[in-house]
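If you want the building blocks of each chain, they are given just below.
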Amino acid sequence: MAATGSQSSLHGALCRQLLLTVLVFSLAGEACKKVIFNVPSKLEANKIIGRVNLKECLRSAALIQWSDPAFRVLDDGSVYTASAVVLSGEKRSFTIWLSDIKKQVRKEIIVLLEHQKKVLKKRQTKETVLRRAKRRWAPIPCSMQENSLGPFPLFLQQVQSDAAQNYTIFYSISGRGVDQEPLNLFYIERDTGNLYCTKPVDREEYDIFDLIAYASTEDGYSADLPLPLPIRVEDENDNHPAFTEAIYNFEVSESSRLGTSVGAVCATDRDEPDTMHTRLKYSILEQTPRSPGLFAVHPNTGVITIISHYLDREVVDKYTLIMKVQDMDGQFFGLMSTSTCVITVKDSNDNAPTFRQNAYEATVEENAVNVEILRIPIEDKDLINTANWRANFTILKGDEQGHFKISTDKETNEGVLCVVKPLNYEENHQVNLEIGVSNEVSLAREVSRGTSTNRALVTVHVKDLDEGPECSPQVQYVQIKENLAMGSNINGYKAYDPDTKSSNGLRYKILHDPNGWIAVNEISGSITTSKVLDREATTPKNELYNITVLAIDQDGRSCTGTLAVNIEDVNDNAPVILNDYLTICKPKMGYIDISAVDPDEPVHGAPFSFSLSTPSPEINRIWTLTKVNDTAARLSYQKNADYQEYTIPVTVKDRAGQSATKLLRVNLCDCTHPAQCRSASRSAGITLGKWAILAILLGIALLFSVLLTLVCGVYGAKKSKHFPEDLAQQNLIISNTEAPGDDRVCSANGLTTQTANNSSQGFCGTMGSGMRNGRQETIEMVKGGHQTLESCRGHHHTLDSCRGGHTEVDNCRHTYSEWHNFTQPRLGEKLHLCNQDENHMPSQDYVLTYNYEGRGSPAGSVGCCSEKQEEDGLDFLNNLEPKFMTLAEACTKR
């Protein structure tokens, strides 16, 4: 299938069939020098003729230029005709230059266009005319102008099939613009194959149309394969470039240097990229304020920079620029648009603060403190309430004693001068100060320094006042020897009147003396030792002994000072051995070290000398002393020494000869650790102090008095009481209590024995009425005036009933032998009977024999004795009164 524009363009169609694949010769060393294209003799405008591999020649090329304006080269290496070209000769050439601006490299490529003549093949005689020629399947290039003015329908090209020579062929097309949106933009004449466009096309909406052409016979047979027909829309410069923002806002510091970037503007163009229609140029149309010109814009990048030193926020703080962008590389016929750029100048500390005048004066009374005496205003042109405007004041000269302080008032930015340390009129009538001022941040530019603009002189006049005494210096020192005789007189504290510079008329008094060692003369201020001074008694040692002194003038005004007494040490203390008792484990320990200390100063202290002081021959034979260091010695023993405790006299002497002797108790022990011998000695050798011995004697005397009272009581009871012949009939009592009794029994000597829960003791005396748990209970004998051992148990009465209360019978006053003779035979008989049942067989409830658990147990016996009893032992129940018969029947086993 082939396509022709008209009969006149048939020759051109045949020529286009001669276009072959681009041949790029890359012979050794010539890849960047020559490229050859085989082209027809006539070339239409805006047609591609080939592609050059620019990357192979110079990969970093940033600028592409060519020598022949009849052609244009794109960034991808495509070579197009800018206008119609006719090759007058067989060859035509032009040069392409590639440049790398950064690396300063430039290379060139020579493009050679050669005309390939058409060679016609002669038809053989045997060859039939209807022989079908081989078709070319490549699409036919076709284009149309954007926004074409017509006339419409606009003829584009003719499509023909080779089969039309023998058959009747009908043509049709499909694709976007035909049966896809936009519909009906293209159509083809069914018989002729002429392709038409029905209306103008916007390239920014559709840049290419890929149509498919079909050739078929009348009966629907496809004569050829479908032929692609790409229709490219040629761009027209119909779109103005547009800035990305209507208003740009930038900020720049007023102290910026030349060439500083302020910001960048950017514009876009919808036309075809990489063409003159989208090559933009930036420029500044107008600046407000107009003069001077401070800014410039890079024509290609849109970056705005500073080009002048006259940027000053204090003069102009905001500039407005009208920016212009134009396509066609800025040529006058290119399309353009504008935008606004607002540049705000930020403040820098380019103005130093200045005083309004060079000298100031102020007045202050002497001894005044923490008072404001002067306010110093300044001027600064920088932005208010910023670090560039806020001032820092400094006293440069004249305040070496630290009497003044200057600060900044944050609201007014004034310097506030205050007195923080009292001034003395007698010392200085006036003070001259030099004040400096600066900002919180350093200056951005070099500003003249050291001139009168940032320094000022302040003269402060001091007013005289009538003052009290002055204690100056506050601390005065005096040195006194240790152990100085009591009553010794030493120079003391001196105060003076600041007006007269004299101490006359002043009286002195001690406010504080830690140990009461010093007395002061009220008139002269001299001091006298009221006690013997002991340096070692001061706390802490080796420090000054401070006394507070009060000085008073005739008007009652006063001042206080400190008298620091340096007590000079004398050698009045002998070294002292720290150890009193030593333990040596033999044979594990062959020696032991002893050490000494001296409370005196080091000049009267170590090195010490240790020696055995007049030891016995045995001590001298067994023990030896050797020096370890200046303050310690080593006590060693002979191997044949016996295990025992030794008393060893040791003398220690300081360097001045002051000595002391101490008796060391040394325990030579058979052990592995001294702690074993110490615990054994503590358990074996416990000694009592005088107060412990006195307490023991008082306890013994108290015990004897108690025993004497008991003996007297027992003896009196023995005389007045006789034991009843038979108490078996008297063991039933009347009791109106149902509560359990106290765990208390009466011993044979009449003492009450209690359980662990009740520790009170007392005599079990007369039985009577008493109170228990808020209820009254009465205990009385049923018959006779006597009671058994069980009747004296606390199960039937409280402690009150056993200690007091009125009763008609006095019981429980019997000796132990009487109780034993009475209870022993009866208890033995009952135990024997309890071990048998009714058939005189051994009972299961047998009273077991337990080991001895000690005397005085408060618990009663358990077992069959309380329930199983022989009927023969209960005959007394037959003689009871009627009111006890019911109880007797319950107690007797039937």
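What you see is a predicted model; the values in this text were computed from it and never measured. (Residues numbered from 1 in each chain as written. Predicted model: local features only at pLDDT ≥ 70, side-chain atom pairs only at ≥ 80, totals over all residues. Heavy atoms only, no water.)

### Some thoughts on the pattern of salt bridges
Line of reasoning, step 1. Considering all chains together, one arrives at 25 salt bridges under this definition.
Line of reasoning, step 2. Put simply, K47 and E44 hold a salt bridge, and the shortest N to O gap is 4.0 Å.
Line of reasoning, step 3. We note a salt bridge from E114 to K91, for which the minimum N-O separation is 3.8 Å. With a gap of 23 residues between them, E114 in strand β10 (residues 105–115) and K91 in strand β9 (residues 91–100) connect regions that are remote in the sequence.
Line of reasoning, step 4. When its relative accessible area of 53% is taken as the criterion, K91 is described as exposed.
Line of reasoning, step 5. Among the charged side chains, a network of salt bridges with common partners joins E372, R375, D409 and E414. (Salt bridge = Lys/Arg side-chain N within 4 Å of Asp/Glu carboxyl O. Helix = DSSP H or I, 4+ residues; strand = E, 2+ residues; numbered from the N terminus. Buried < 20%, exposed > 50% of the residue type's maximum accessible area, 1.4 Å probe, protein only.)

### Observations concerning the sheet that holds strand β38 (residues 507–512)
Line of reasoning, step 1. As summarised here, the arrangement of the four strands in space is β36-β42-β41-β38, forming an open sheet in which the pairing is mixed. Bordering the open sheet on either side are β36 (475–481) and β38, each of which pairs with just one other strand. Adjacent strand axes in the sheet meet at a mean angle of 35°, parallel and antiparallel pairs treated alike.
Line of reasoning, step 2. As defined by bridge partners, β36 adjoins strand β42 (residues 558–568) across seven bridges and the pair is classed as parallel. (Pairing = 2+ DSSP bridges. Axes fitted to C-alpha atoms, helices over the stretch in contact; angles between N-to-C directions.)

### Side note on the nonpolar core
Line of reasoning, step 1. In terms of nonpolar packing, the biggest core is built from 26 residues, with L156, F186 and I231 touching the most fellow members.
Line of reasoning, step 2. Mapped by element, the contributors of at least two residues to this core are β11 (142–145), β12 (154–160), β13 (169–175), β14 (186–188), β15 (194–197), β16 (208–217) and β17 (227–234).
Line of reasoning, step 3. Ignoring any residue separated from it by four or fewer positions in sequence, one finds I231 in contact with C142, M144, L156, F186, L195, I208, F209 and L211.
Line of reasoning, step 4. In terms of nonpolar packing, the next biggest core, distinct from the first, is built from 24 residues, I406, L417, L423 and V437 among them. (Core = buried A, V, L, I, M, F, W, Y, C linked by side-chain atoms within 4.5 Å. Contact = heavy atoms within 4.5 Å.)

### Brief notes about the state of the cysteines
Line of reasoning, step 1. Considering all chains together, one arrives at three disulfides under this definition.
Line of reasoning, step 2. Covalent S-S linkage joins C585 and C671, the inter-sulfur distance amounting to 2.0 Å. Measuring the twist about the S-S bond at about -95°, one finds the C585-C671 disulfide to be left-handed. Of this pair, C585 sits in strand β44 (residues 581–586) while C671 sits in the loop between β50 (659–670) and α4 (674–684), and the two are 86 residues apart along the sequence.
Line of reasoning, step 3. Of the residues examined, C671 reaches a relative accessible area of 9% and is grouped as buried.
Line of reasoning, step 4. In this model, C669 is linked to C677 through a disulfide, with the two sulfur atoms separated by 1.6 Å. Across the disulfide from C669 to C677, rotation about the S-S bond amounts to roughly -80°, and the bridge is consequently left-handed. (Disulfide = S-S within 2.5 Å.)

### Looking at the pairing of β10
Line of reasoning, step 1. Here six bridges tie strand β2 (residues 34–39) to β10, and the two strands are oriented parallel to one another. Looking at β10, one finds that K34 is bridged to I110.
Line of reasoning, step 2. Across ten bridges, the pairing between β9 and β10 is antiparallel. Residue pairing for β10: K91 is matched across the bridge by E114.
Line of reasoning, step 3. Counting the residues in the hairpin turn of β9 and β10 gives four residues, including Q104, whose phi is positive at 55°.

Remember that the coordinates give geometry; whether it matters functionally is a separate question.
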